[in-house]
Amino acid sequence: MNRRITITEVKSSLDLALAGKDMYALVKELYPICRSITGNGFRASLKEIANHIPIQTREVPTGTQVFDWTVPREWNIKDAYVKNSRGERVIDFKKLNLHVLNYSVPVQAAMTLSELRPHLFTIPEHPDRVPYRTSYYKEAWGFCLSHNQLQSLVDDRYEVSIDSSLEKGHLTYGEIVIHGRSDEEVLFSCHNCHPSLCNDNLSGVAIATFLAKLLSSLGLRYTYRFIFIPGTIGAITWLALNEPVVPRIKHGFVVAGGGDSGPFHYKRSRRGEAEVDRAAEVVLKHAGDSYKILPFSPYGYDERQYCSPGINLPVGVLSRTPHGQFPEYHTSADDLTFVKPENMARTLYQYLAILEVLEGNGVYLNQNQKCEPQLGKRGLYRSVGGVTSQPVNESALLWVLNLSDGTHSLLDIAEQGEMPFEIVLQAARRLEEANLLQPIESNA
Amino acid sequence: MNRRITITEVKSSLDLALAGKDMYALVKELYPICRSITGNGFRASLKEIANHIPIQTREVPTGTQVFDWTVPREWNIKDAYVKNSRGERVIDFKKLNLHVLNYSVPVQAAMTLSELRPHLFTIPEHPDRVPYRTSYYKEAWGFCLSHNQLQSLVDDRYEVSIDSSLEKGHLTYGEIVIHGRSDEEVLFSCHNCHPSLCNDNLSGVAIATFLAKLLSSLGLRYTYRFIFIPGTIGAITWLALNEPVVPRIKHGFVVAGGGDSGPFHYKRSRRGEAEVDRAAEVVLKHAGDSYKILPFSPYGYDERQYCSPGINLPVGVLSRTPHGQFPEYHTSADDLTFVKPENMARTLYQYLAILEVLEGNGVYLNQNQKCEPQLGKRGLYRSVGGVTSQPVNESALLWVLNLSDGTHSLLDIAEQGEMPFEIVLQAARRLEEANLLQPIESNA
Amino acid sequence: MNRRITITEVKSSLDLALAGKDMYALVKELYPICRSITGNGFRASLKEIANHIPIQTREVPTGTQVFDWTVPREWNIKDAYVKNSRGERVIDFKKLNLHVLNYSVPVQAAMTLSELRPHLFTIPEHPDRVPYRTSYYKEAWGFCLSHNQLQSLVDDRYEVSIDSSLEKGHLTYGEIVIHGRSDEEVLFSCHNCHPSLCNDNLSGVAIATFLAKLLSSLGLRYTYRFIFIPGTIGAITWLALNEPVVPRIKHGFVVAGGGDSGPFHYKRSRRGEAEVDRAAEVVLKHAGDSYKILPFSPYGYDERQYCSPGINLPVGVLSRTPHGQFPEYHTSADDLTFVKPENMARTLYQYLAILEVLEGNGVYLNQNQKCEPQLGKRGLYRSVGGVTSQPVNESALLWVLNLSDGTHSLLDIAEQGEMPFEIVLQAARRLEEANLLQPIESNA
């Protein structure tokens, strides 16, 4: 394995079609598993991921105090159904695991429709979709079904069965660390707790898995940490158990919603103008895809925890359609047809482009600050003068020279010169080779 | 009198129709009186206001030096007219007190139309309106009349009479102070010197009077001071005589033009981003009325004095159509039909909403800054998860928690979260009750 | 010569038609001369300018080291042509000096069209125009011609002759210093090296010449320095040889492209918000011409050198259509029909207006900061009150008084009050005469 390959090289040589195909295949493997914030479904999913990257599995016992929270009992489920008086399963967990209210306590009972009714969840405005609902922290049981299905239920004596268990056990999560030259870290966090829902967040799980795989083969500046955790309680647990790691995290991402066909959205970290926020913006600005930059807000995915005031990490969210804003969100319509291989591949590409900025950014010093150096005698400038337009690469050389006074990073220069970062980076490399530029901050 | 009622309560329980009716009745009482910057008309108006709130009357002698100015002689008037040769009053002060140039010196003379002409003021572009004109600081006499009226005057021998006096006396103003827990003050200033003109500024006088009345019954954080003064010279006189009070004024308003049907306008103080400026903006942004925020400029009403560089108080102007920008301004068309009870009532409501911000604003400390606290176990969060949208009240809880790191006030949070202040305030109260939030700056 | 005349006076009394005519006449004189970055054409042009203003000529020997550059050999040319086998000059330097690649080494040869072809430069997209091309720093020879002309050339044996010399000599530039009360300087730099091209930059040369002439007769605050230099190497040479002068330069302009009919463009200095940048913006905002303010970028004219990081002077560029953005740029179409006397005159006027700001700007102290002073008793305010609108001059008085608290310059006041600077300046003068205002920073 050649550890000298850079992100720039892998970015430009990546076979996106193949990467998309591979990520989609992983989504497909993971889709049928009934995951929750704890339990065997989560473990089975980590095992599947481990076929691609060597993740460590961590087990945190029920009852562990994590800041204001307590690791809950572990939930497992074998079967669940509602049978009518003819013994037919009118709601059947085996057909779709969304049918059970996630974290339902066990129940075994017979009841009328009107007794059952308060335990049934539907989406009247999307009558053909089954909602995804949970009750992690309040003991309850229930079923989710399409509104059409609900309306077809007749007055009857129903047999209700949920064969689940809620017992002392563990919260499980997966973690992989890829070491770079520096022990400063870039964090990728994705929630792996949703059952049969593809965009949110099997797409994130697959993108993170393949990004980790790609990074493993590169020569890296930063150390990269990927965590596959249950939402909310998982992020809180990880932060509570890894407080010494937190100060080393220089940049981070919540990876979610990367497979739908919507425009890209980058949600800034709480800091608002962190390097990762600016890197994401400069990349999306020049990538040619439609995109939107969103301000930080304290709801959404696990950035809620990473960006809580006492943690305040520079963690942003790169997704396609944002959290909760696609109508398929948290319904059975977020299925294998809703995410596309090419969408995940393009999302992966944007992550690589952002990492190219973070890896390549630095402050340089123009070695010849009084007037321009004579680029022509160094073969860096056209020899025939008088032409109208400035080639973009010459512009980049001039921008880098002009702003490399010790107060501007290459990212600053890309922003001010309104140029793609890779052009600026390339210009800096050429000037460095010509001894016209020297780094003044270590790129490790 | 229950001193524990808050502005939030009075704001939501106020009978706006009744308040509008009461304020309009006061405007109607005051309308016929011939006011000026000094004199008995001003005193009579204060007496009328005193029927509603216990104002103090202050008398400042002619000749008192007030900064660069001198309190002028007192002006009083009994009658004024122009009679034609048939003895008919063709211009008659008794019919409309605007007909006399305010502060006219006494005159008793007979003259031709062409001799009279230089003393006559009209508005040719609004030929049916009588203008309001003054000559406080230069001895002059004159009559104001409609342009139509002027054109109907024939060549004749006219008897001109102004039975006025300009003598040593006093400048009079009214003042009321309503004490709160703190001796930091909120100033309300309104000019009470205009004769029969309703929007400018009997509407302001009426709104200030009823606002003072409402505040008198509340438990208040700040001390409130209302002054009813003549324009310009009154503000200068008050500031010159009350220099020790000035540093205690934390927020202030010039109350004027609150009765017409135009959109709301808030003109910022000279400081531009004072708390009162931001409070007014956050209120108008969410109130649902059309509105505009205006930058400070050094002309307009008495903010000219409060915002002079050596005073520089955070005093803004909340009005409907701004100073000088409605065509009825300073004409006989600014009459009892031009102001509406419901307009004044809605303006009063906006003042209450702004005061709610000023009274309720403060900096709090999230007691649990590492990750979110578990709101669910405290009954502050929905128990069934997975739903798409965030209820506004949950959002407000999250915003308050996220930004209450000791550097953001509730007003900052309302601005950044783009939420009505009252929602933020309510969220802060709920979190304080749940011991998740503590004030770090006294709300007195 | 009355040294008390101010820029304000000259600006308002200037006969623009005459100034335009005079500048155009100078352009016409200079047009036929074959200039380059060195040589006798440059010297002849300076002699022509010296007929209008007493410039000094400076000679810098070939081989002088100037920062990263070396003063090149001097280039002179007598004749150049391409003759066909019938002895006809099919390309003829005598007809248009653009026909020779500027700085061509001497050549005397016979060759086929295909051998000649690599030495011919055209503009296929503008087939009737002859391009302007140079090869200062790489030895080469060539001809520039219209694409139509190229296409009419037949296969033939051509005689090629360039009777030029490239030998040790000098780089020549011209300089004039006009002393003001302060030795702080305003720099005007214009490149004088282009051969028969009018807008770029004979227009700049003519405007600078006449501006220097106008300033010579005035009482001035600043010292003004005009330099007529070859582009790039001239600016670098001047900076390298005048390092002690650099810190005295408080404001500066690159004068170029002032004769076409496009809208005005002001390109900010690298500092972005320098006084000269703000002065140019406030002038263009109120001048009534269409205009655009451009951010700094490190390519264009000699601002590249003045705004290099180690020099970083507050030097902006006022032009009409900017550098390289008119299709006639660096072609034979930039001729005597492309520039207009009235365009140059209006550009000259804008320069005067900007200098009026720089000369007149300063910080004043309101002598009466508590409330407004009584302007009426000093004859500075209307005597009859109540009128609707504020005359612009009264507004300016109030703005100057309100902001003259020691932290705002007159330029700040013009910006904040959105008023023409000359109105603000006039208001300050009136207030100073009335002893209501005192300068606290010397206007020398």
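Residues numbered from 1 in each chain as written. Chains lettered and ligands numbered in written order. Predicted model: local features only at pLDDT ≥ 70, side-chain atom pairs only at ≥ 80, totals over all residues.

(A) Spotlight on helix α2 (residues 16–30) of chain A. All names here are of chain A. A rise of 1.5 Å per residue sets the reference length of α2, with its 15 residues, at 21 Å; its end C-alpha atoms lie 21 Å apart and thus fit the reference within 8%. Buried within α2 we find A19, G20, M23, Y24, L26, V27 and L30. Axial view of α2: buried residues confined to an arc of 155°, hence all on one face. Facing away from the buried side of α2 by over 90 degrees, the exposed positions are A17, L18 and A25. Where α2 is buried, its residues contact α3 (40–49), α6 (198–215) and α10 (341–360). (Helix = DSSP H or I, 4+ residues; strand = E, 2+ residues; numbered from the N terminus. Expected span 1.5 Å × (residues − 1). Buried ≥ 20, exposed ≤ 12 C-beta atoms within 10 Å, placed from the backbone. Arc of directions from axis to C-beta. Contact = placed C-beta atoms within 7 Å.)

(B) The interface of chain B and chain A, seen in detail. With 22 residues of chain B in contact, the opposing surface of chain A contributes 24 residues. Ranked by residue count, the leading element in the side of chain B that touches chain A is helix α11 (residues 392–403) of chain B, at four residues. Its residues assigned to classes, the side of chain B that touches chain A comprises five nonpolar, 13 polar and four charged. (Nonpolar A, V, L, I, M, F, W, Y, C, P; charged D, E, K, R; others polar.)

(C) Focus on the domain arrangement of chain A. Its domain assignment divides chain A into domain 1 (7–58 + 170–231 + 242–359), domain 2 (74–167) and domain 3 (363–439). The C-alpha centroid of domain 3 of chain A is placed 65 Å from the C-alpha centroid of domain 2 of chain A. (Domains from an automatic or database assignment.)

(D) Highlighting the interface of chain A and chain C. Chain A puts 22 residues into the contact, and the matching count from chain C is 24 residues. The greatest single-element share of the side of chain A that touches chain C, amounting to four residues, is contributed by helix α11 (residues 392–403) of chain A. Here the residues of the side of chain A that touches chain C are counted per class, giving five nonpolar, 13 polar and four charged.

(E) Layout of the relation of the copies chain A and chain C. Rotating chain A by 120° and moving it 0.2 Å along the rotation axis overlays it on chain C with an RMSD of 0.1 Å. Those values place the two copies in the arrangement expected of a three-fold rotation axis. Residue A:E273 of chain A places its C-alpha closer to the rotation axis than any other residue of that unit, at 13 Å. (Least-squares fit on C-alpha atoms with pLDDT ≥ 70 in both.)

(F) Here's a closer look at the packing of helix α12 (residues 410–417) of chain A against helix α13 (residues 421–433) of chain A. Residues and elements named next belong to chain A. Relative orientation of the contacting elements α12 and α13 amounts to 125°, with a least axis distance of 9 Å. As summarised for this structure, α12 and α13 are arranged oblique, according to the angle between their axes. In this structure, α12 meets α13 at a crossing whose hand is right-handed. Facing α12, whose interface residues are L410, L411, I413 and A414, α13 presents F421, V424, L425 and A428. Tallied by class, residues from the contact of α12 with α13 come to eight nonpolar, no polar and no charged. (Axes fitted to C-alpha atoms, helices over the stretch in contact; angles between N-to-C directions. Parallel < 35°, antiparallel > 145°, perpendicular 65-115°, else oblique. Left-handed = near helix turned anticlockwise from the far one by under 90°.)

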